[in-house]
Amino acid sequence: MKRVSEELGVPKKHLKETSKQQRYLAVVHKSWLKSLIKHLKLIDFIEKSGEIWPSPEEEISSSWMKIFITVINKKNCKVIPLPRIRPVRDEEPFLFPQLMQYIAHTNHVGLWKEAYKKYYASKQNKETLLNLTDYNKVLRDVISRIYGCPIINTCDPNASTENSKQIDMHLNIMPVVCAVETTGAMFLLHVPYLEYNLNDCVTFSPAILDNSYTKSLFIVYQLLNVLKDLHERSLTLGDISLNDIFANEDMWLYIFPQIESNLYEEGDIKARKGFSTIRDCQRMGHVINHKLECEYCGLQAHDKVKVDEQTLEELCHLWIFGQISNFTYVSALNELSGRVLGDPNCHYVFPWVTDFSSRCGKNWRDLKKSKYRLNKGDHQLDLTYGNSQSQVPHHVSDVLSPITYYVYTARRTPKSVLCKNVRTVWVPAEYPSSIQRIQEWTPDECIPEFYTNPNIFRSIHDDMDDLSVPSWASGPEDFVERHRKALESPIVSEKLHHWIDLTFGYK
């Protein structure tokens, strides 16, 4: 809200927060909005005298109107450029059965492409090198592709653009009349304003959908049409929720796409490369030099042989004889046990191996005890489970709860998701400020991102600082590198089987 007030000149009393982070409701004068749309010029804001926010029964003055303002922060980094827009044939809109047939065909083609990349293209020892592009340039392209709206640059009027004549916005996308670009952000101004979203419908008026099967199908039909249209523009709708889907009285949808889902940052790219390097570098044709470093990713591979379709017994033998790393073996155990990366209910688990008090480890974690037992202490567990007939003392099977997962990833998770799953009230200070504090606080195990992904330490929230690293680390990249070396150290390798038995094995 502060950014909207300072950079657009909209007073805070004219703004209200919504259920979605970085989306605000504003009351603006029509002449202010007209200057932006017609003349591509940001003029001084006209303040409303008297009551700004009328009660629901009262109508707003004819000279004023409510609009949504979406804020997208600009960044100084590189991203993958957008793919070319697919050529679209002039055709009538699909009926519902035709649309379902189209989706089935598209999914079938997509599965074949994935299989080709995995089983054939990966054997060609070729890697496509992408020329990364400026984040803010791609952000402008995404906005133009979705909305085709004018973009007003307040710093350089010559950089402003008018409506795109080649792009028509989909009828189910929440319209943007114009975008305003400042030094720090892009502001999307949405008209018309709608009062209720689908979350309100299912929460307060579920009978609207319960009484009619056709209405639910109509909603699905509209959502699929939006997905189809954005895919044809080589874009994605993103991870939207019911709070992003607004509806009028006729159940016609207006959807807010997740713009950032189309922007793959350099840090995320490196993180994905780092994770795939551990398990898939050689499979993808990357060259591993004599130092066991991937020449493409620049990261330590640690593995001496390929990991492809081995059985658990074969993987175990490779690990015992030092042919694959601890990380690779634990990753395989997670996969074989049914855990899924990114799923809060069953995300990959890895051991905490040190308390980070020094760069070289020193205070190693006791891998013969679960993290839960280490945190609670034997005396406390004796009191807790002493009279229990059903539970095994000193051990719990839930080694990573969904709440802990969200706390770990709080810097990269939207506020709305955190408020839904961790605390209903947004209080950034309630989240651990450093990786040492997380390790000390949690009774749960670690996640692989703390061994591979420096980006997980960087906050997307204006009011939450980055996750701090120990004083001996120069930054997240240095910490991740050292943390991974600690996992692969001889001390951990000699005792890791105890932790495996506790987490995945007979104990």
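Residues numbered from 1 in each chain as written. Predicted model: local features only at pLDDT ≥ 70, side-chain atom pairs only at ≥ 80, totals over all residues. Heavy atoms only, no water.

Asker: Provide a residue-level description of unusual backbone geometry, including the pertinent values.
Answerer: Between Val191 and the following residue, Pro192, the backbone shows a cis peptide bond with an omega angle of 15°. With respect to the helices and strands, Pro192 occurs in the loop between strand E8 (185-190) and helix H5 (198-204). Positive phi outside glycine occurs at Phe356, with the angle close to 65°. Considering the arrangement of structural elements, one finds Phe356 in the loop between helix H10 (326-336) and helix H11 (371-376). (Helix = DSSP H or I, 4+ residues; strand = E, 2+ residues; numbered from the N terminus.)

Asker: Go over the pairing of strand E7 (residues 176-181) with me, naming the residues and quoting the values.
Answerer: When you tally the buried positions in E7, you get five out of six residues, the bulk of the element. Direction of pairing for strand E6 (residues 151-153) relative to E7: parallel, over a ladder of three bridges. Looking across to E7, one finds that Ile151 is bridged to Ala179. As defined by bridge partners, E7 adjoins E8 across five bridges and the pair is classed as antiparallel. Bridge pairing links Val180 to Phe187 in E8. Following E7, the chain reverses through three residues before pairing antiparallel with E8. (Buried < 20%, exposed > 50% of the residue type's maximum accessible area, 1.4 Å probe, protein only. Pairing = 2+ DSSP bridges.)

Asker: Tell me about the environment of Ile255, residues and numbers included.
Answerer: By the element assignment, Ile255 lies in strand E10 (residues 253-255). Measuring from C-alpha to C-alpha, the distance between Ile255 and His170 comes to 9.9 Å, with 85 residues separating the pair along the chain. Ile255 has contacts with Asn172, Ile173, Met174, Leu223, Val226, Leu237, Ile240, Asp244 and Ile245, leaving out every residue within four places of it along the chain. (Contact = heavy atoms within 4.5 Å.)

Asker: Help me get a handle on the sheet that holds strand E3 (residues 64-73), residues and values and all.
Answerer: One open sheet accounts for six strands, arranged E1-E2-E3-E8-E7-E6; its pairing is mixed. Strands at the two margins of the open sheet, each flanked by one partner only, are strand E1 (15-17) and E6. For this sheet the average axis-to-axis angle between neighbouring strands, irrespective of direction, equals 25°. Where E1 and strand E2 (residues 23-29) come together, three bridges link them in antiparallel fashion. Within E2, the residue paired with Leu15 across the bridge is Ala26. (Axes fitted to C-alpha atoms, helices over the stretch in contact; angles between N-to-C directions.)

Asker: Please set out the pattern of salt bridges residue by residue, giving values where relevant.
Answerer: Per the stated rule, a full pass over the model turns up 15 salt bridges. Arg365 is paired through a salt bridge with Glu445; the nearest N and O atoms lie 3.0 Å apart. Here the residue Arg365 occupies a position in the loop between H10 and H11, and Glu445 occupies one in the loop between helix H15 (435-441) and helix H16 (449-452), the gap between them amounting to 80 residues. When sorted by exposure, Arg365 lands in the same class as Glu445, which is buried. Between Arg458 and Glu477 there is a salt bridge whose closest N-O contact spans 2.4 Å. In this pair, Arg458 sits in the loop between H16 and helix H17 (476-487) while Glu477 sits in helix H17, placing the two residues 19 residues apart along the sequence. Arg458 gets classed as partly exposed once you look at its relative accessible area, which sits at 27%. Residue classification places Glu477 among the partly exposed residues on the basis of a relative accessible area of 43%. Connected through shared salt-bridge partners, Lys20, Arg23 and Asp244 make up one network. (Salt bridge = Lys/Arg side-chain N within 4 Å of Asp/Glu carboxyl O.)

Asker: Could you give an account of the packing of H10 against helix H18 (residues 490-503), naming the residues involved and the relevant values?
Answerer: Across the interface, H10 lies against H18 with an axial gap of 11 Å and an inter-helix angle of 10°. Looking at the two axes, H10 sits roughly parallel to H18. Here Asn326, Tyr329, Val330 and Leu333 of H10 lie close against H18, whose contacting residues are Val492, Ser493, Leu496, Trp499 and Ile500. (Parallel < 35°, antiparallel > 145°, perpendicular 65-115°, else oblique.)

Asker: Account for the nonpolar core, naming residues and giving values.
Answerer: Within the largest apolar cluster, 39 residues are counted, with the highest numbers of intra-cluster contacts made by Trp352, Ile435, Phe450, Phe457 and Phe479. Among the secondary structure elements, those contributing two or more residues to this core are helix H9 (312-320), H10, H15, H16, H17 and H18. Ranked by the residues each element gives to this core, the list is headed by H10, at five residues. Apart from residues lying up to four places away in sequence, Phe450 is in contact with Trp352, Tyr408, Ile435, Ile438, Ile456, Phe457, Leu467, Phe479, Val480 and His483. (Core = buried A, V, L, I, M, F, W, Y, C linked by side-chain atoms within 4.5 Å.)

Asker: Describe in detail the pairing of E2, supporting the description with residues and values.
Answerer: With seven of seven residues buried, E2 is to be regarded as a mostly interior element. Taking every second residue as pointing to the same face, both faces of E2 are buried, with Arg23, Leu25, Val27 and His29 on one and Tyr24, Ala26 and Val28 on the other. Hairpin connection of E1 to E2: five residues between the antiparallel strands, including Gln22 at a positive phi of 65°. As paired strands, E2 and E3 are joined by seven bridges and run antiparallel to one another. In the strand pairing of E3, Val27 is matched with Lys66.

Asker: An account of the environment of Thr503 is needed here, citing residue identities and associated values.
Answerer: For Thr503, the location among the structural elements is in helix H18. Classification of Thr503 as partly exposed rests on a relative accessible area of 21%. In the structure, Thr503 is positioned 133 residues away from Ser370 in sequence and 8.0 Å away in space, judged by C-alpha atoms. Not counting residues within four places of it along the chain, the set of residues in contact with Thr503 comprises Val349 and Val399.

Asker: Got a sec to walk through helix H4 (residues 135-147)? Specific residues and values, please.
Answerer: For H4, with 13 residues, the first-to-last C-alpha span of 18 Å sits near the 18 Å given by 1.5 Å per residue. Of all the positions in H4, only Tyr135, Asn136, Val138, Leu139, Val142, Ile143, Arg145, Ile146 and Tyr147 are classed as buried. You can read the cap of H4 off the contacts: a side-chain oxygen lies 3.2 Å from the backbone nitrogen of Asn136, and it is on Asp134. Downstream of H4 by one or two residues, Gly148 has phi in the positive range, about 60°. (Expected span 1.5 Å × (residues − 1). Polar contact = N/O pair within 3.5 Å; in protein donor to acceptor, adjacent residues only side chain to side chain.)

Asker: So what's going on with the packing of H9 against H10? Which residues, and what values?
Answerer: At their nearest, the axes of H9 and H10 sit 10 Å apart, and the two run at 160° to each other. As far as their axial angle goes, H10 and H9 are roughly antiparallel. Crossing handedness for the pair H9 and H10: left-handed. Together, Leu312, Leu315, Cys316 and Trp319 of H9 and Asn326, Tyr329, Ala332, Leu333 and Leu336 of H10 make up the contact between the two elements. Residue classes in the contact of H9 with H10 are distributed as eight nonpolar, one polar and no charged. (Left-handed = near helix turned anticlockwise from the far one by under 90°. Nonpolar A, V, L, I, M, F, W, Y, C, P; charged D, E, K, R; others polar.)

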